[in-house]
Amino acid sequence: MEEGKFKFNLLDSTNKLINYFNNLLPNLPKKEVILKQNIEKTQYELIECIFYFNVNSGSPRIREKYLKDFHVKLSMYDMYIRICYKKRYISKHQLECISRLLIIIKKLLYGVIRSNKNVVSKNT
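The paragraphs below set out a description of the structure included in this document. Not measured: the values here are computed from a predicted model. (Residues numbered from 1 in each chain as written. Predicted model: local features only at pLDDT ≥ 70, side-chain atom pairs only at ≥ 80, totals over all residues. Heavy atoms only, no water.)

### A short note on helix H2 (residues 33-55)
Each α-helix winds once per 3.6 residues, and so residues spaced three or four apart point in a common direction.
Then, number 1: Spanning 23 residues, H2 covers 33 Å between terminal C-alpha atoms, matching the ideal 33 Å at 1.5 Å per step.
Then, number 2: Inspection of H2 places Leu35, Ile39, Thr42, Gln43, Glu45, Leu46, Ile47, Cys49, Ile50 and Phe53 among the buried residues, and these make up the whole buried set. (Helix = DSSP H or I, 4+ residues; strand = E, 2+ residues; numbered from the N terminus. Expected span 1.5 Å × (residues − 1). Buried < 20%, exposed > 50% of the residue type's maximum accessible area, 1.4 Å probe, protein only.)

Below, the structure written as structure tokens:
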């Protein structure tokens, strides 16, 4: 599969995850303002990393940095979701649906990373 296909699927799957979880955000109590803000901020940052990666087509090393940033933010997003589950703001079924989407995104991310490393090794 070519790199462009991975990037499109990565963006599409990330959007699906964000849209699914945005439907659950109203379930968070009003006292969880910080958690909700962190979740929303991380959602924007995930998309931002993908766009930065796509725009910086020149330097594979810079692109790799954005992939690593995306991975860190995705891990934080996963942590926020688990906090929501532990505090019983989302159900086990909702957690499982989100986890399936996270697994898909991580597989796509590793494909893009592998593809980007091939570009780096060809250039050196």
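### Concerning the packing of H2 against helix H3 (residues 60-86)
Then, number 1: Their axes nearest at 9 Å, the elements H2 and H3 cross at an angle of 155°. Compared by their axis directions, H2 and H3 come out roughly antiparallel. Every pair of crossing elements has a handedness; the one defined by H2 and H3 is left-handed. Side by side, H2 and H3 meet where Leu35, Asn38, Ile39, Thr42, Gln43, Glu45, Leu46, Cys49, Ile50, Tyr52 and Phe53 of the first sit next to Arg63, Tyr66, Leu67, Asp69, Phe70, Lys73, Leu74, Tyr77, Tyr80, Ile83 and Cys84 of the second.
Then, number 2: Across the contact of H2 with H3, the residue classes tally to 15 nonpolar, three polar and four charged. (Axes fitted to C-alpha atoms, helices over the stretch in contact; angles between N-to-C directions. Parallel < 35°, antiparallel > 145°, perpendicular 65-115°, else oblique. Left-handed = near helix turned anticlockwise from the far one by under 90°. Contact = heavy atoms within 4.5 Å. Nonpolar A, V, L, I, M, F, W, Y, C, P; charged D, E, K, R; others polar.)

### A short note on the nonpolar core
Then, number 1: Grouped together as the largest cluster of nonpolar side chains are 33 residues, with contacts concentrated most on Phe21, Ile39 and Phe70.
Then, number 2: Put simply, the parts of the chain that give this core at least two residues each are helix H1 (3-24), H2, H3 and helix H4 (92-123).
Then, number 3: Sequence-distant contacts of phenylalanine 70, defined by excluding residues within four places in its chain, comprise Leu10, Thr14, Leu46, Cys49, Ile50, Ile105 and Leu109. (Core = buried A, V, L, I, M, F, W, Y, C linked by side-chain atoms within 4.5 Å.)

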